[in-house]
Amino acid sequence: MILDSLNNTTRFEVLNPLFKKAFDYVKTTDLTTVEDGKYEIEGKDLFISVVTICGKLKEDAKMETHNEYIDIQMPLQGVESIGWKAGSELKEAIGEYNPEKDITFFVDKPTTYDKIYPGQFAIYFPEDGHAPGIGEGTIRKAIVKVRVK
């Protein structure tokens, strides 16, 4: 898991061949003005979803992991807290892995929480359990999905 400012993306662009394209797109597109929806940047290898959600309480947020994609999550409006726990420590799955949605949910609770503000981003790798959507009121966010290479 990585948490940083959008001003510092160059240091992370070497971690995956698609990260530079992802961050270039985010920096050159005013995501606050686009409609909620899915936008392909490079087919199924790199796309972004813009969503508006109602913030949840910590106890209502479900821990999740992804096998095929890395998440780059960034609030556009509102402050979002996201819980984190090492994937190797997740013990109790809720059902099976859903390959169509690339997601597994867990009963386990996070070991830590981070607040993410507009202008910041958090990267969650497949080995990172995360519980997104925690906050108050309306949260508008972008979720960049980067296929693991």
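Please read all numbers here as calculations on a predicted model, not as lab measurements. Counting restarts for each chain: residues are numbered from 1 in the order of the written sequence. This being a predicted model, a pLDDT of at least 70 is required before a residue's local features are given, and a value of 80 or more before pairs of side-chain atoms are given or counted; all residues contribute to the totals for chains, interfaces and linings. Side-chain measures here rest on the full set of heavy atoms in the structure, leaving out hydrogens and waters.

Engineer: A description of the overall build of the chain should follow, citing residues and the corresponding values.
Structural biologist: Counting secondary structure elements, the chain contains 1 helix and 12 strands. We compute the radius of gyration over the C-alpha atoms and compare it with the globule rule, which gives 2.2 Å times the number of residues raised to the power 0.38. Against the 2.2 N^0.38 benchmark of 15 Å for 149 residues, the chain shows a C-alpha radius of gyration of 14 Å, consistent with a compact globule. Considered along the principal axes of its C-alpha atoms, the chain spans approximately 40 × 35 × 25 Å. Nonlocal contacts in the chain, meaning residues at least 24 apart in sequence, comprise 79% of its contacts between residues at least 6 apart. Using the Shrake-Rupley algorithm and a 1.4 Å probe, accessible areas are obtained, with residue cover drawn only from the displayed protein chains. Here the chain has roughly 7,700 Å² of accessible surface; of this, 51% comes from carbon and sulfur atoms. Positive charges come from Lys and Arg, negative ones from Asp and Glu, while His and the chain ends are left out of the count. For charged residues, the charge sits on one atom: NZ in Lys, CZ in Arg, CG in Asp, CD in Glu. The centroid of the 19 positive side-chain charges in the chain is displaced by 1 Å from the centroid of its 25 negative side-chain charges. Every helix listed is a DSSP run of H or I at least four residues long, and every strand listed is a run of E at least two residues long, numbered separately from the N terminus. The contact definition used throughout considers only heavy atoms, calling two residues in contact when any of these lie within 4.5 Å.

Engineer: Pulling in residues and values, what's your account of the environment of tyrosine 113?
Structural biologist: With respect to the helices and strands, tyrosine 113 occurs in strand E9 (residues 112–116). For tyrosine 113, a relative accessible area of 29% puts it in the partly exposed group. Under the scheme applied here, a residue whose accessible area is under 20% of the maximum for its type counts as buried, over 50% as exposed, and between as partly exposed, the area being computed with a 1.4 Å probe on protein chains only.

Engineer: Can you break down the packing of aromatic side chains residue by residue, with the values?
Structural biologist: The description of an aromatic ring pair rests on the distance of the ring centres and on the angle between the ring planes. Only the six-membered ring of Trp is used, alongside the rings of Phe and Tyr, when aromatic pairs are assigned; centres must lie within 6.5 Å, and planes under 30 degrees apart are stacked while those over 60 apart are edge-to-face, with the rest tilted. Enumeration according to the criterion identifies 5 aromatic pairs in this entry. Where phenylalanine 19 meets phenylalanine 23, the ring centres are 6.2 Å apart and the plane angle is 75°; that geometry is what we call edge-to-face. On the criterion of helical spacing, the pair formed by phenylalanine 19 and phenylalanine 23 is a turn pair, its members being 4 residues apart in helix H1 (residues 19–28). With respect to class, phenylalanine 19 is no different from phenylalanine 23; both count as buried.

Engineer: Lay out the layout of surface pockets in plain terms, naming residues and giving numbers.
Structural biologist: Cavities and pockets are defined on a 1 Å grid built over the protein atoms alone: a cavity is a set of grid points where a 1.4 Å probe fits but cannot escape, while a pocket is an open set with protein on both sides within 12 Å along at least five of seven lines, and lining residues are those with an atom within 4 Å of any such point. Grid points are joined across faces, edges and corners, and a volume is the space filled by probe spheres set on the points. As a volume, the largest pocket reaches approximately 500 Å³. Looking at the largest pocket, it is lined by 23 residues, and the ones nearest its centre are Glu64, His66, Ile103, Ile143 and Lys145. For the lining of the largest pocket, the secondary structure elements donating two or more residues are strand E3 (46–54), strand E5 (69–77), strand E8 (103–106), strand E11 (128–134) and strand E12 (138–147). When residues in the lining of the largest pocket are grouped by element, the largest group, 4 residues, is from E3. Residue polarity is assigned by list, with Asp, Glu, Lys and Arg as charged and Ala, Val, Leu, Ile, Met, Phe, Trp, Tyr, Cys and Pro as nonpolar; anything else, Gly included, falls into the polar class. Counted by class, the lining of the largest pocket contains 9 nonpolar, 4 polar and 10 charged residues. In this structure, the second largest pocket encloses a volume near 210 Å³. If you go around the second largest pocket, the residues you meet are Gly55, Lys56, Leu57, Lys58, Val79, Glu80, Ser81, Tyr113, Lys115, Ile134, Gly135 and Glu136. Secondary-structure elements contributing two or more residues to the lining of the second largest pocket are strand E6 (80–86) and E9.

Engineer: Now, about the pattern of salt bridges: what can you tell me, with residues and values included?
Structural biologist: Opposite charge on two side chains allows them to pair when their charged atoms are near. Any carboxyl oxygen of Asp or Glu that lies within 4 Å of a side-chain nitrogen of Lys or Arg is treated as forming a salt bridge with it. Under the defined criterion, the tally for this structure stands at 6 salt bridges. One salt bridge connects aspartate 36 with arginine 140, and the closest N-O pair in it is separated by 3.0 Å. Here aspartate 36 is found in the loop between H1 and strand E2 (37–42), whereas its partner arginine 140 is found in strand E12, with 104 residues between them in sequence. Residue class for arginine 140 comes out buried when judged on its relative accessible area of 10%.

Engineer: How would you explain the environment of threonine 111 if you had to name every residue and give the values?
Structural biologist: Examined against the element boundaries, threonine 111 turns out to sit in the loop between E8 and E9. For the pair formed by threonine 111 and lysine 149, sequence separation is 38 residues and the distance between their alpha carbons is 28 Å. Non-local contacts of threonine 111, meaning those with residues more than four positions away in its chain, are made with Trp84, Lys85 and Glu89.

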